[in-house]
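Coordinate analysis (summary)
Now for the letters of each chain:
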Amino acid sequence: MIMKIILTDNELEINDVTELKEFSDKTFILEIKNCLYEIKGDGLSLSEVNNNKTNIKITGNIYSIEKKDNKDHKEKKSFIKKLFQ
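What counts, and at which threshold
- Residues numbered from 1 in each chain as written.
- Predicted model: local features only at pLDDT ≥ 70, side-chain atom pairs only at ≥ 80, totals over all residues.
- Heavy atoms only, no water.
- Core = buried A, V, L, I, M, F, W, Y, C linked by side-chain atoms within 4.5 Å.
- Buried < 20%, exposed > 50% of the residue type's maximum accessible area, 1.4 Å probe, protein only.
- Helix = DSSP H or I, 4+ residues; strand = E, 2+ residues; numbered from the N terminus.
- Contact = heavy atoms within 4.5 Å.
- Phe/Tyr/Trp six-rings, centres within 6.5 Å; stacked < 30°, edge-to-face > 60°.
- pLDDT = per-residue confidence, 0-100.
- Polar contact = N/O pair within 3.5 Å; in protein donor to acceptor, adjacent residues only side chain to side chain.
- Pairing = 2+ DSSP bridges.
- Axes fitted to C-alpha atoms, helices over the stretch in contact; angles between N-to-C directions.

Here we come to the nonpolar core. Core analysis: the biggest nonpolar cluster contains twelve residues, these being Leu12, Ile14, Val17, Phe28, Leu30, Ile32, Tyr37, Ile39, Leu44, Ile56, Ile58 and Ile62. Of all the secondary-structure elements, those providing two or more residues to this core are β2 (11-14), β4 (27-32), β5 (35-49) and β6 (56-68). Apart from the residues within four sequence positions on either side, tyrosine 37 is in contact with Met3, Phe28, Ile29, Leu30, Ile32, Ile65, Glu66 and Lys67.

Written out as structure tokens, the structure is:
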């Protein structure tokens, strides 16, 4: 299946999501086909997840969608984890 990302007005629809790593009202980090994607914006919320949990809809003011390196995400997580230990 081909990954598909559809952005209309203030709604983002994504298929083939493997895992939702993190989310807040400003940032979503999700894994699609072994790649991490970071979605940034304001007032972001998860508005819909389908039955097989691979298709999601995010609503809000979306400013950017960026493909991230898995290594970058792990280092960021480790740094934050170190602060709270």
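Moving on, we come to the packing of aromatic side chains. Enumeration according to the criterion identifies one aromatic pair in this entry. Here the aromatic rings of phenylalanine 23 and phenylalanine 28 are separated by 5.4 Å at their centres, their planes lie at 25 degrees, and the arrangement is stacked. Classification of phenylalanine 28 as buried rests on a relative accessible area of 0%.

Looking at the chain, the pLDDT average stands at 82 and 79% of residues meet or exceed 70. For the chain, the element scoring lowest by mean pLDDT is helix α1 (residues 70-83), at 53; β6 scores highest, at 93.

Attention now moves to the side chain of lysine 57. On the secondary structure map, lysine 57 appears in strand β6. If we skip the residues at most four places from it in the chain, lysine 57 touches Glu11, Leu12, Glu13, Ser45, Leu46, Ser47 and Glu48.

Here glutamate 38 shows up in strand β5. For glutamate 38, a relative accessible area of 6% gives the class buried. A polar contact of 3.4 Å, which involves the side chain of glutamate 38, links it to the side chain of lysine 68.

Bringing the sheet that holds β2 into the picture now. A sheet is described by the order of its strands in space; here six strands give the open sequence β1-β2-β6-β5-β4-β3, paired in antiparallel fashion. Lying at the two open borders of the sheet, with one neighbouring strand each, are β1 (5-8) and β3 (17-23). Neighbour-to-neighbour, the strand axes of the sheet open up by a mean angle of 35 degrees, direction not taken into account. Of the strand pairs in this sheet, β2 and β6 are connected by four bridges, and their pairing is antiparallel. The partner of glutamate 11 across the bridge, within β6, is threonine 59.

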